[in-house]
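# A closer look at the structure
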Amino acid sequence: MARRYVDLSMTLENDIVSDPPFLKPTITYEVHADTKHELGHWFDPEIAEGMYGGEPFAAAEWVKLTTHSGTHVDAPWHYHPTQDAKLPGGSRPAQTIDQMPLEWFFNPGVKLDFRDKPNGYVVTAKDVEDELKRIGHVLQPLDIVVVNTAAGMALANRDPGYVGIGAGVGYEATMYLLERGVRVTGTDAWSWDAPFSHTAEKVKETGNPKLIWEGHRAGVDIGYCHIEKMHNLEAIPATGFMISCFPHKIKGASAGWTRAVAIFED
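This write-up is about the structure you can find in this document.

The biggest cluster of nonpolar side chains holds 24 residues, and the ones touching the most others in it are Leu-112, Val-128, Leu-132 and Leu-177. Of all elements in the fold, only β7 (106-113), α2 (125-135), β9 (144-148) and α4 (171-178) reach the threshold of two or more residues within this core. The residues touching Leu-177, leaving out its near neighbours within four places in the chain, are Val-128, Leu-139, Val-145, Val-182, Thr-185 and Trp-192. Of all hydrophobic cores here, the second largest spans 23 residues; its members include Phe-105, Ile-144, Phe-241 and Ala-262.

In structure tokens, the structure reads:
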């Protein structure tokens, strides 16, 4: 059988719209001649002139970013110091990204389509249940569930308002997934939760701080990971594919970058 791959990761570059200004990455590019001096650690740098092909040493890049830049996997430690309060054995220290089990990150994918939800909408358990019925899928343990929101096309179109676009997934809906064995979720929006700009208005109206990051904080009760700033979810069907999303292994970190990919056996 032929194997087909669909890239679900955004391209990391300067001048992206996928972060507020204070979180944007900076990439400094070096062409081959820029690094000739580095050969001085081992050789006379002028030796580079005689290298095969006639070009000095190597192209390279310096990158300043956070572990939450680009498409990345959040670990439970990002959400709270503890996790698993509602699992047998009770609350325990939250896992960092280097401690996550590899078996979570290559599993059947399930896409829930919430592109029709308005910006700032908080997806409920009933929304998830209705969408699963619509696509005819019964959740299985370790399914990787991703949500396609209006933010996906905003990212593709380089909309400067991207950070404030899309629906988010609330505590109730997140727990619906986790209680059925899901341990990795994903979104094409900036956050698994509704954009902060919309949540801030609701908190101001209600005076309820528990609305802040409510989907993330479900990890206090059942530890899980989610992928943020995914790309190209419009190109995949609801089911019938695997997702590979292994996170980069960074000691003690709250997140790790990933090249998320949908894999089809045609």
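Here we come to the state of the cysteines. Counting across every chain of the model gives 0 disulfides. Looking at the unpaired Cys-225, the closest cysteine sulfur is the one in Cys-245, lying at 8.5 Å. Overall, Cys-225 belongs to the buried group, its relative accessible area being 0%.

By the element assignment, Ala-2 lies in the segment before β1 (3-7). Considered as a pair, Ala-2 and Asp-266 are 264 residues apart in the sequence and their alpha carbons are 5.2 Å apart. For Ala-2, the residues in contact, after removing those within four places along its chain, are Phe-264, Glu-265 and Asp-266.

On to the pairing of strand β12 (residues 225-228). Because side chains alternate across β12, one face comprises the buried residues Cys-225 and Ile-227, and the other comprises His-226 and Glu-228, equally buried. In the sheet, strand β4 (residues 72-74) pairs with β12 via 3 bridges, with the strands oriented antiparallel. Note on β12: the bridge partner recorded for Val-73 is Ile-227. Here 3 bridges tie strand β11 (residues 184-187) to β12, and the two strands are oriented parallel to one another. Of the residues in β12, the one forming a bridge with Val-184 is Cys-225.

Here Thr-185 is to be found in strand β11. For Thr-185, the residues in contact, after removing those within four places along its chain, are Val-145, Leu-177, Trp-192, Tyr-224, Cys-225, His-226 and Ile-227.

Further remarks concern the sheet that holds strand β14 (residues 255-257). Taking strand neighbours across the sheet as the criterion, the 9 strands line up as β1-β15-β13-β7-β9-β11-β12-β4-β14 in an open arrangement whose pairing is mixed. Each edge of the open sheet carries a strand with a single partner, namely β1 and β14. When the angles between neighbouring strand axes are averaged without regard to direction, this sheet yields 30 degrees. Taken together, the 5 bridges between β7 and β9 define a ladder with parallel strand orientation. Counted as the bridge partner of Asp-113 is Asn-148 from β9.

We now examine α2. Every buried residue of α2 is listed here: Ala-125, Asp-127, Val-128, Glu-131, Leu-132 and Ile-135. Taken end-on, α2 shows its buried residues confined to a sector of 160 degrees, consistent with a single buried face. Away from the buried face of α2 by more than 90 degrees, exposed residues Lys-126, Lys-133 and Arg-134 are located. Buried-residue contacts for α2 involve β7, β8 (122-123) and α4. Looking one or two residues beyond α2, the residue adopting positive phi is Gly-136, at roughly 70 degrees.

It is worth spelling out the packing of aromatic side chains at this point. If you walk through the whole model with that rule in mind, you get 4 aromatic pairs. A ring pair is formed by Trp-104 and Phe-105, whose centres lie 6.4 Å apart and whose planes are at 50 degrees; its orientation type is tilted. Note on accessibility: Trp-104 and Phe-105 belong to one class, buried. With a centroid separation of 5.5 Å and 40 degrees between ring planes, the pair formed by Phe-241 and Phe-264 is classed as tilted. A residue pair is termed long-range when its members are at least 10 positions apart, and Phe-241 in the loop between β12 and β13 (242-244) and Phe-264 in strand β15 (residues 261-265) qualify at 23 residues. Of the two residues examined, Phe-241 and Phe-264, each falls in the buried class. Stacked on the ring of Phe-264, the Lys or Arg Arg-4 has its end atom at 4.2 Å from the ring centre.

In this model, Trp-213 sits at a positive phi of 60 degrees, which is unusual for a non-glycine residue. With respect to the helices and strands, Trp-213 occurs in the loop between α5 (196-206) and β12. Despite not being glycine, Asn-232 has its phi angle at roughly 75 degrees, a positive value. The residue Asn-232 is located in the loop between β12 and β13 in this model. With a relative accessible area of 27%, Asn-232 lands in the partly exposed category.

Calculation rules
- Residues numbered from 1 in each chain as written.
- Predicted model: local features only at pLDDT ≥ 70, side-chain atom pairs only at ≥ 80, totals over all residues.
- Heavy atoms only, no water.
- Core = buried A, V, L, I, M, F, W, Y, C linked by side-chain atoms within 4.5 Å.
- Buried < 20%, exposed > 50% of the residue type's maximum accessible area, 1.4 Å probe, protein only.
- Helix = DSSP H or I, 4+ residues; strand = E, 2+ residues; numbered from the N terminus.
- Contact = heavy atoms within 4.5 Å.
- Disulfide = S-S within 2.5 Å.
- Pairing = 2+ DSSP bridges.
- Axes fitted to C-alpha atoms, helices over the stretch in contact; angles between N-to-C directions.
- Arc of directions from axis to C-beta.
- Phe/Tyr/Trp six-rings, centres within 6.5 Å; stacked < 30°, edge-to-face > 60°.
- Lys NZ or Arg CZ within 6 Å of the ring centre and 35° of its normal.

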